[in-house]
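Coordinate analysis (summary)
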Amino acid sequence: MADAHPTQPVPTVDFLNQIGVGKFPALVGLRFVHAEAGLVRAEMDVEVRHHAPNGFLHAGSIVTLADTCCGYGVRTCLPEGAKGFTTIELKTNFLGTALEGTVWGEATLVHAGKRTQVWDCTVRTGT
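Residues numbered from 1 in each chain as written. Predicted model: local features only at pLDDT ≥ 70, side-chain atom pairs only at ≥ 80, totals over all residues. Heavy atoms only, no water.

**Quick notes on the environment of A82**
Just so we agree on the cut-off: Where helices and strands are cited, they refer to DSSP runs of H or I of at least four residues and of E of at least two residues respectively, numbered from the N terminus. To sort residues, take the accessible area from a 1.4 Å probe on protein chains only and compare it with the maximum for the residue type: under 20% means buried, over 50% means exposed, and anything in between is partly exposed.
Inspection of the secondary structure puts A82 in the loop between α3 (59-74) and β3 (102-112). Among the residues examined, A82 registers a relative accessible area of 22% and is labelled partly exposed.

Listed below in structure tokens is the structure:
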């Protein structure tokens, strides 16, 4: 993990969960369970609503978990004067699927620049 040097207070888990209420993260059932500068963890219970028509977990639900973990991670180490952020690039590799249980995302800061950040998120099943 890169050195995180936040210039603003690190948001709490409660804050991260609250900002998603009524928005897409809450719609898909994301729950943030850990937040510190440069590291964020969230979980999502896999339900039928997360499945694609082929019966597998829809890739978009995993991308949503990963992108939201990274995006909320950015909030843990915003540079001085930053007012917001947006995703400028996203790449995924899928090595398996889940049809039930819980999936967990862990996003870690790879690079903290003045204008861009690079984050990596691993999504796994189980505890």
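**Digging into the packing of aromatic side chains**
Put simply, the rule reads: Only the six-membered ring of Trp is used, alongside the rings of Phe and Tyr, when aromatic pairs are assigned; centres must lie within 6.5 Å, and planes under 30 degrees apart are stacked while those over 60 apart are edge-to-face, with the rest tilted.
Here the structure, examined in full by the defined rule, presents 1 aromatic pair. Ring centres of F32 and Y72 lie 4.6 Å apart, and the angle between their planes is 20 degrees; on these two criteria the pair is classed as stacked. Of this pair, F32 sits in strand β1 (residues 31-36) while Y72 sits in helix α3, placing them 40 residues apart in sequence. F32 sits in the buried class, given a relative accessible area of 4%. Look at Y72 and you get buried, because its relative accessible area is 10%.

**Some remarks on the sheet that holds β3**
Let me state the cut-off plainly: Strand pairing follows a simple DSSP-based rule, namely that at least 2 bridges must link the two strands. Comment: axis = line fitted to C-alpha atoms, over the contacting stretch for helices; angle = value between 0 and 180 degrees taken between N-to-C directions. Contacts between residues were defined by any pair of non-hydrogen atoms, one from each residue, lying within 4.5 Å.
Spatial ordering of the open sheet is given by β1-β2-β3-β4, a layout of 4 strands whose pairing is antiparallel. Edge positions in the sheet fall to β1 and β4 (117-125), since each of these pairs with one other strand and no more. Put simply, the sheet's adjacent strands are angled 15 degrees from each other on average, direction ignored. With 5 bridges connecting them, β1 and strand β2 (residues 39-45) associate as antiparallel partners. Note on β2: the bridge partner recorded for E36 is L39. Packed onto the sheet, α3 meets β1, β2, β3 and β4 and runs at close to 135 degrees relative to β4.

**Focus on the environment of R49**
Spelled out, the test is: Think of a polar contact as two N or O atoms within 3.5 Å of one another; within protein, one of them needs to be a possible hydrogen donor and the other a possible acceptor, and neighboring residues in sequence only count if both atoms come from side chains.
Following the sequence through the fold, R49 ends up in the loop between β2 and α3. Residues R49 and V28, 21 residues apart in the sequence, show an inter-C-alpha distance of 8.4 Å. The contact partners of R49, leaving out residues within four places of it in the chain, are L27, V28 and G29. At a separation of 2.6 Å, a polar atom in the side chain of R49 contacts the main-chain carbonyl oxygen of L27. At 2.6 Å, the side chain of R49 and the side chain of E47 are in polar contact.

**A few points about the pairing of β3**
Of the strand pairs in this sheet, β2 and β3 are connected by 7 bridges, and their pairing is antiparallel. In the strand pairing of β3, M44 is matched with V103. Pairing geometry for β3 and β4, over 9 bridges, is antiparallel. Within the sheet, the bridge partner assigned to H111 lies in β4 and is V118.

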